[in-house]
Amino acid sequence: ISFFFSFQVIIYGDLPKNKENVIYLSNHQCTVDWIIADMLAIRQNALGHVRYVLKDGLKWLPLYGWYFSQHGGVYVKRSAKFNEKEMREKLRAQMKAETPMFLVIFPEGTRYNPEIPKVIADSQSFAEKEGLAILKHVLTPRVKATHVAIDTMKDYLDAVYDVTVAYEGTVDHKGQRKLAPSMTEFLCKECPKVHVFIDRIELKDIPEEQMYMRRWLHERFEIKDKLLIEFYDAKDSKRRNKFPGKSVHSRLSLKKTLPSLLFLGGLTASMLLTESGRKLYVKTWIYGTLIGCLWVSIKP
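Residues numbered from 1 in each chain as written. Predicted model: local features only at pLDDT ≥ 70, side-chain atom pairs only at ≥ 80, totals over all residues. Heavy atoms only, no water.

By the naming in an unreviewed UniProt entry, the protein is PLCE acyltransferase, taken from Chloroceryle aenea.

**Observations concerning the overall build of the protein**
Broken down by element type, the protein carries ten helices and eight strands. By residue count, 44% of the 300 residues in the protein fall in the buried class. A fraction of 78% describes how many contacts in the protein between residues 6 or more apart in sequence connect residues 24 or more apart. Total accessible area on the protein stands at roughly 16,700 Å², and carbon and sulfur atoms take up 57% of it. (Helix = DSSP H or I, 4+ residues; strand = E, 2+ residues; numbered from the N terminus. Buried < 20%, exposed > 50% of the residue type's maximum accessible area, 1.4 Å probe, protein only. Contact = heavy atoms within 4.5 Å. Areas by Shrake-Rupley, 256 points an atom, 1.4 Å probe, with all protein chains shown as cover.)

**Here's the deal with the sheet that holds strand E1 (residues 8–13)**
Note on sheets: strands pair through backbone hydrogen bonds, and any given pair is parallel or antiparallel. Strand order across the open sheet formed by eight strands is E4-E3-E5-E2-E6-E7-E1-E8, with mixed pairing between neighbours. At either end of the open sheet lies a strand with only one pairing partner, and these are strand E4 (74–76) and strand E8 (247–250). When strand polarity is set aside, the average angle formed by the axes of neighbouring strands in this sheet is 25°. Helix H2 (residues 32–42) contacts E1, strand E2 (22–26), strand E3 (50–55), strand E5 (102–105), strand E6 (159–167) and strand E7 (193–201) of the sheet and is inclined by roughly 130° relative to E6. Its contacts with the sheet place helix H4 (residues 84–96) against E3, E4 and E5, and it is angled at close to 170° to E4. (Pairing = 2+ DSSP bridges. Axes fitted to C-alpha atoms, helices over the stretch in contact; angles between N-to-C directions.)

**Looking at the packing of helix H6 (residues 144–153) against helix H8 (residues 210–233)**
H8 packs onto H6 with a crossing angle of 115° between their chain directions and a minimal axis gap of 10 Å. Seen from above, H6 lies across H8 with right-handed handedness. Facing Lys 144, Thr 146, His 147 and Ile 150 of H6, the residues of H8 in contact are Gln 210, Met 213 and Leu 217. Per-class residue counts for the contact of H6 with H8 are three nonpolar, three polar and one charged. (Left-handed = near helix turned anticlockwise from the far one by under 90°. Nonpolar A, V, L, I, M, F, W, Y, C, P; charged D, E, K, R; others polar.)

**Looking at the nonpolar core**
The biggest cluster of nonpolar side chains holds 39 residues, and the ones touching the most others in it are Ile 23, Val 53, Met 87, Leu 103, Ala 149, Met 153 and Phe 243. If one sorts the elements of this core by residue count, H8 sits on top with eight residues. If we ignore the near neighbours within four places in the chain, the residues touching Phe 243 are Tyr 12, Thr 164, Ala 166, His 195, Val 196, Phe 197, Leu 227, Leu 228 and Phe 231. Grouped together as the second largest cluster of nonpolar side chains are 33 residues, Val 9, Tyr 24, Ile 36 and Ala 159 included. (Core = buried A, V, L, I, M, F, W, Y, C linked by side-chain atoms within 4.5 Å.)

**Some thoughts on the layout of surface pockets**
Approximately 850 Å³ is the volume found for the second largest pocket. In this structure, the second largest pocket is lined by 32 residues; those nearest its centre are Arg 78, Pro 107, Glu 108, Gly 109 and Arg 142. Every element with two or more residues in the lining of the second largest pocket is listed here: E3, helix H5 (117–129) and H6. Among the elements that take part in the lining of the second largest pocket, H5 stands out by supplying four residues, more than any other. Here the lining of the second largest pocket is composed, by residue class, of 15 nonpolar, eight polar and nine charged. (1 Å grid on protein atoms, 1.4 Å probe; cavity = no way out; pocket = protein on both sides within 12 Å on 5 of 7 lines; lining within 4 Å. Points joined across faces, edges and corners; volume = space filled by probe spheres on them.)

**Remarks on H2**
Among the eleven residues of H2, ten are classified as buried, and the element is accordingly described as predominantly covered. Taken together, the buried positions of H2 are occupied by Val 32, Asp 33, Trp 34, Ile 35, Ile 36, Ala 37, Met 39, Leu 40, Ala 41 and Ile 42.

**Remarks on the packing of aromatic side chains**
All chains considered together, the criterion is met by seven aromatic pairs. Relative to Phe 243, the ring of Phe 197 lies with its centre 5.9 Å away and its plane at 80°, an arrangement referred to as edge-to-face. Of this pair, Phe 197 sits in strand E7 while Phe 243 sits in the loop between H8 and E8, placing them 46 residues apart in sequence. Taking the relative accessible area as the measure of exposure, Phe 197 reaches 18% and is therefore buried. What makes Phe 243 buried here is its relative accessible area of 3%. Here Phe 231 and Tyr 232 contribute two aromatic rings whose centre-to-centre distance is 5.0 Å and whose plane-to-plane angle is 80°, an arrangement assigned as edge-to-face. Under the relative-accessibility criterion, Tyr 232 is labelled buried at 6%. Within the aromatic cluster, the residues linked to one another by ring pairs are Tyr 12, Phe 197, Phe 231, Tyr 232 and Phe 243. Cation over ring: Lys 224 sits above Phe 221, and NZ or CZ is 5.3 Å from the ring centre. (Phe/Tyr/Trp six-rings, centres within 6.5 Å; stacked < 30°, edge-to-face > 60°. Lys NZ or Arg CZ within 6 Å of the ring centre and 35° of its normal.)

**Notes on the side chain of Gln 44**
Residue placement: Gln 44 occurs in the loop between H2 and E3. Since its relative accessible area comes to 2%, Gln 44 is described here as buried. Looking at Gln 44, its side chain comes within polar contact range of the main-chain oxygen of Pro 16, at 2.7 Å. The contact partners of Gln 44, leaving out residues within four places of it in the chain, are Leu 15, Pro 16, Lys 17, Asn 18, Lys 19, Phe 102 and Tyr 161. (Polar contact = N/O pair within 3.5 Å; in protein donor to acceptor, adjacent residues only side chain to side chain.)

**What about the environment of Pro 62?**
Following the sequence through the fold, Pro 62 ends up in the loop between E3 and helix H3 (64–70). Sequence-wise, Pro 62 and Ile 291 are 229 residues apart; in three dimensions their C-alpha atoms are separated by 9.9 Å.

Written as structure tokens, this is what we have:
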């Protein structure tokens, strides 16, 4: 209920109303970030076109790992194990099928989690070693997946959306960052306001070579970091908990969200209300997971 009646998303910057083929680059704090990407896609009638670049380990998620794979998701491994050829082939297959594209990438590679300071410290040490600006509220971005995606689809894309997400209520009384809301907290508790800053970038403004794109991507994350420093740490309290510029308080219309909720909720409830339905529900998860895991291990 809170999702429909107390949740607020505040949008800043440029989100076109028309559907486009895009790569969506965002900072990453929690699983709710996936919902934010979906919500922005819904505003362009592009929800069915959302695809994700995901950590390889997520392909073993029950049912969902198989679903993301079949829906055009791209699983990638980190560092030396990154399979560039495999990613390019999957993206080319999508283009060949003329599939509309809303490809979500979280370039940090993992979540920014204040409760795991070692990850943040290692990220900052790497940036210092490489002569890059040290970032406070985001991690040093990895460029490989972003470069492969843009390079492969440069003639297919309309733009890149550079997105910065901030959750109110994630700073303690000492001014220290707290963990962003989990999916359960987001859906079941009183939801904080979520602020989303969108910068639409033309492909011509992005360097093509990986070395230069790496610098460009880091500069984009420097901009994110400055936005978040102002959001969380501004000395003037009136400037906290908001991004600069004009904003729009935006809520998804029930016309776009309620039918899906009623359909899925009704389908699930009808299964769980009978003994035979409950057995079918459990078997679906068990056998669907086993078949899905086998499938993604054979055909990534």
